[in-house]
Amino acid sequence: MIHIKDLYKSFGNNHVLNGFNLRLYEGENLVVMGKSGSGKSVMIKCLVGLIQPDKGFISVMGKEIKTLDRETLDVLRSDIGFLFQGSALYDSMTVRENLEFPLRRHKRKMGGNTDPEPLVVEALQNVGLADAIDLMPEELSGGMKRRVALARTLILKPKIILYDEPTSGLDPITAKEIIELMRSIQKKYGTSSLIITHDVDCARVISERMVLLVDGINYVEGTFEELNRSTDPKVEAFFKK
Amino acid sequence: MTLYPPLQFYLYLMNTYSPILSGIKRFFIEIGELSYFARRFFKEVLKPPLEFKELLRQCYHMGNRSLFLVLVTGFIIGLVLTLQSRPTLIEFGAVSWMPNMVGISIVRELGPVITALVCAGRIASGIGAELGSMRVTEQIDAMEVSGTNPFKYLVVTRILATTLMLPILVLLGDAIALYGSALVENIKGHVSFKLYFNQVFDALEYGDLIPATIKSFFFGFAIGLVGCFKGYYSKKGTAGVGVAANTAVVFTSMLLFVIDFIAVFITDIFYDL
Ligand SMILES: Nc1ncnc2c1ncn2[C@@H]1O[C@H](COP(=O)(O)OP(=O)(O)OP(=O)(O)O)[C@@H](O)[C@H]1O
Ligand SMILES: [Mg+2]
C-alpha cells in the first residue's frame, strides 16, 4: 500500500531524514517508533504531500506522490486518513461542521446521499460521541477531541489511516480506549494503518510489525517481541522501563 | 593600523546606520514575498470553486468586528477637526467655508486613511492571529489533506472580503464624520444640518469621491493580503501567532501610507488637485 524508498529531507542544516525506507502492506498495522524530533511527523507529512521531500521515492497505492497533479492528489488523499498529533479540529466550527468538512469536496464518498447527516452520526457513533454533535471543539476534553478527529478521519472511509501519535498527551486509561477504538475500526473496515508513537504499551498492543526510526533511517525492523529482546543499546533505550 | 579614510568613513556609516539599512532591506524582502503571495491570490481567485458561503461569512465578520470602532473614530475625527479649525477660520472670516473644507478633507483623505488604520489594527491583526493559530495547530494541514484548498478557502475569501468591505466602511465612516462636524457647526455656529450638508455636497465632486473609493479598495486589499500572509506563513509555536498578529498590523500600516502616497500622486495626474 505504501512504499517509501531512500527518503531525504533536511531543514537548513538539520538533516532530519537520511535515506528512510518503509513498506506498508495491505491490512497491516505498522508501528513506527522514534525519539521526539527524530522526524516521524515529517515522514508521514511527506506521505500525503504536505511536505516536499528533498529526495526519494514515495508511492501510495501504486501512485507516486510527486508526479500527481492537485486533482489526482486530492482523490488519493481521500483514501488516506490522517490523524494529526494535536487533533487539529477546526476551532471555529462545531463538531458537526468539522465532520462535514471533508465531505464537501468528496461528494462521491457519500454514496449517493445528499444529506451528510447520517454519515456524521455514524462516524460519531463509531467513536462513542454521538451526543457531542453540536458542541464546539473548545468544549471537548483532549481525549474527546482525539476521538472527534478520528471520526473526521473515518468519515471518508479511508483505505489507509496514518496516526500521528494517537495517544500522546492522554492519560493511560483514555489512551487505552483510543487504542481499542483503533483496533475495532481496523476490524470493521479492514484498513491498513501506519501508527507513529513513542508509547511502548500502545506499540505492544497494536503492532504487527515495527520500524524504529533512529538518525533519520529505518534502524531496525521486526515484531514487538523481536525488538524487545534486542541487545542493541539504541533499540533497548526504547523498551527500558 | 589606520584605514584609508574613505573606507573608515564607510565603516563608520555602516556601523551607525546598519540597523536602519537592514530594516529597510527586510522591508523590501517582505514586499517581494508579499507580491509573490499576491500573485498566488490572483491565480487562485479565478479558479472554481468560489467558496461563496465562506466569503459572505467573512464579509459579515469584517463588518461586524470593525463597524463600531469605525463609527466612533469617524465621529470623533469629524468633531475634533471642526472644533480645532473653527478659531482659525473665524480669524480669516471664512467660517462659512467650514463644510467645504471638512467635507473635502474627510472624503479625500481622512476618512479612507483613518478607517483603514483602524481596520488594520482590528482586522489585519485578527486575520493574522486566526490563520496563525490554524497554522500552528495544523488545521491548515488538515484542510489540505481533506481535499479543500486552504489557500482558496481561507486566504482568498478573506482578502476578497476586506477588499469589498473596506470601501463600505469608509463611506459609513465619512458619513458619521460629516455628521460629527455638522453637529459642532449646528451647536456653535447655528448652521442647520440641511444647509451644512447642502454645502458639503456642493463642494464635493466625483473627482473627490471616485479616487477615494478606488483607494479604499486598495487599502482593503492590503489589509487582507498582509494579514493573511503573516498568518498563513506563521512560525511554529504559540509565540509565532503573537508575532504574526503584531507584524501584520505594523506592516499593513506602513503599506497603507505607501499606497496613499502613490494614490495621491496618481490622482494628481488625472484630476489636477
Ligand atoms: N517546518 C519545519 N521547518 C523547520 N524545521 C522543521 C519543520 N518541521 C519539522 N522540523 C524539524 O524536523 C525535526 C523533526 O520534527 P518532527 O516534527 O518530525 O519530529 P517528531 O519525530 O514528530 O517528534 P515528536 O515525537 O515530538 O512529534 C525537528 O528537529 C524539527 O525541528
Ligand atoms: Mg511529531
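Residues numbered from 1 in each chain as written. Chains lettered and ligands numbered in written order. Predicted model: local features only at pLDDT ≥ 70, side-chain atom pairs only at ≥ 80, totals over all residues. Heavy atoms only, no water.

The name recorded for chain A in an unreviewed UniProt entry is ATP-binding cassette domain-containing protein, from Poritiphilus flavus.

Draft legend 1. Looking closely at the packing of aromatic side chains. Per the stated rule, a full pass over the model turns up 21 aromatic pairs over all chains. On the numbers, 5.6 Å between centres and 65° between planes, the contact of B:Phe27 with B:Phe251 is edge-to-face. Residue B:Phe27 is located in helix H1 (residues 5-45), and its partner B:Phe251 is located in helix H8 (residues 238-271); the two are separated by 224 residues in the primary sequence. Comparing B:Phe27 with B:Phe251, the two get one shared label, buried. Geometrically, the ring pair formed by B:Phe37 and B:Tyr233 is edge-to-face, given 5.7 Å between the ring centres and 70° between the ring planes. With B:Phe37 in helix H1 and B:Tyr233 in the loop between helix H7 (206-232) and H8, this pair connects stretches of sequence that are 196 residues apart. Take B:Phe37: its relative accessible area is 2%, and that puts it in the buried class. Of note, A:Lys55 hangs over the ring of A:Tyr8, and the distance from its end group to the ring centre comes to 4.4 Å. (Phe/Tyr/Trp six-rings, centres within 6.5 Å; stacked < 30°, edge-to-face > 60°. Helix = DSSP H or I, 4+ residues; strand = E, 2+ residues; numbered from the N terminus. Buried < 20%, exposed > 50% of the residue type's maximum accessible area, 1.4 Å probe, protein only. Lys NZ or Arg CZ within 6 Å of the ring centre and 35° of its normal.)

Draft legend 2. Expanded view of the site of ligand 1. Residues and elements named next belong to chain A. Around ligand 1, the structure places 14 residues, and the nearest of them are Ser-36, Gly-37, Lys-40, Ser-41 and Glu-165. Ser-36 has a polar side-chain atom sitting 2.5 Å from an oxygen atom of ligand 1. Val-42 places a polar main-chain atom, nitrogen or oxygen, 3.0 Å from an oxygen atom of ligand 1. In isolation ligand 1 offers 630 Å² of accessible surface; the protein chains occlude 64% of this area. Residue assignment for the shell around ligand 1 shows that the elements contributing at least two residues are strand S2 (14-24) and helix H1 (40-47). By residue number, the principal contributor to the shell around ligand 1 is H1, which donates 3 residues. Its residues assigned to classes, the shell around ligand 1 comprises 3 nonpolar, 8 polar and 3 charged. (Near = heavy atom within 4 Å. Polar contact = N/O pair within 3.5 Å; in protein donor to acceptor, adjacent residues only side chain to side chain. Areas by Shrake-Rupley, 256 points an atom, 1.4 Å probe, with all protein chains shown as cover. Nonpolar A, V, L, I, M, F, W, Y, C, P; charged D, E, K, R; others polar.)

Draft legend 3. Structural context of the packing of helix H5 (residues 150-188) of chain B against H7(B). All names here are of chain B. The contact between H5 and H7 brings their axes to 7 Å, and the two run at 150°. It follows that H5 is roughly antiparallel to H7 by the angle criterion. As for the relative orientation of H5 and H7, their crossing is right-handed in sense. Two secondary-structure elements touch here, H5 through Pro-150, Phe-151, Val-155, Arg-158, Ile-159, Thr-162, Thr-163, Leu-164, Leu-166, Pro-167 and Val-170 and H7 through Thr-213, Ser-216, Phe-217, Phe-219, Gly-220, Phe-221, Ile-223, Gly-224, Leu-225, Cys-228 and Tyr-232. Considered class by class, the residues forming the contact of H5 with H7 number 15 nonpolar, 6 polar and 1 charged. (Axes fitted to C-alpha atoms, helices over the stretch in contact; angles between N-to-C directions. Parallel < 35°, antiparallel > 145°, perpendicular 65-115°, else oblique. Left-handed = near helix turned anticlockwise from the far one by under 90°. Contact = heavy atoms within 4.5 Å.)

Draft legend 4. Examining the coordination of the magnesium ion (ligand 2) more closely. Residues and elements named next belong to chain A. At the metal site, the magnesium ion (ligand 2) is ligated by Ser-41 (OG) and Gln-85 (OE1), and these contacts range over 1.8 to 2.4 Å. Residue Ser-41 is found in helix H1, and its partner Gln-85 is found in the loop between strand S6 (80-83) and helix H3 (95-105); the two are separated by 44 residues along the sequence. With relative accessibility at 28%, the residue Gln-85 sits in the partly exposed group. (Donors = N, O, S within 2.8 Å, 3.2 Å for Na, K, Ca; no water.)

Draft legend 5. Summary view of the environment of A:Thr167. Residues and elements named next belong to chain A. For Thr-167, the position within the fold is in the loop between strand S7 (160-164) and helix H6 (172-189). Placed 12 residues apart in sequence, Thr-167 and Ile-179 show a C-alpha to C-alpha distance of 7.7 Å. Setting aside its immediate chain neighbours within four residues, Thr-167 contacts Arg-146, Ala-175, Ile-179, Thr-197, Asp-199 and Cys-202. Among the polar contacts made by the side chain of Thr-167, one reaches the side chain of Asp-199 at a distance of 3.3 Å.

Draft legend 6. Local environment of the sheet that holds strand S8 (residues 192-197) of chain A. Residue and element names in this part refer to chain A. Taken in spatial order, the 6 strands make up an open sheet running S6-S7-S8-S3-S9-S10, and their pairing is mixed. The sheet is open, and its two edges are formed by S6 and strand S10 (217-222), each paired on a single side. Ignoring strand direction, the axes of neighbouring strands in this sheet form an average angle of 20°. Across 5 bridges, S7 lies against S8 in parallel orientation. Counterpart to Ile-160 in the pairing with S8 is Ser-192. (Pairing = 2+ DSSP bridges.)

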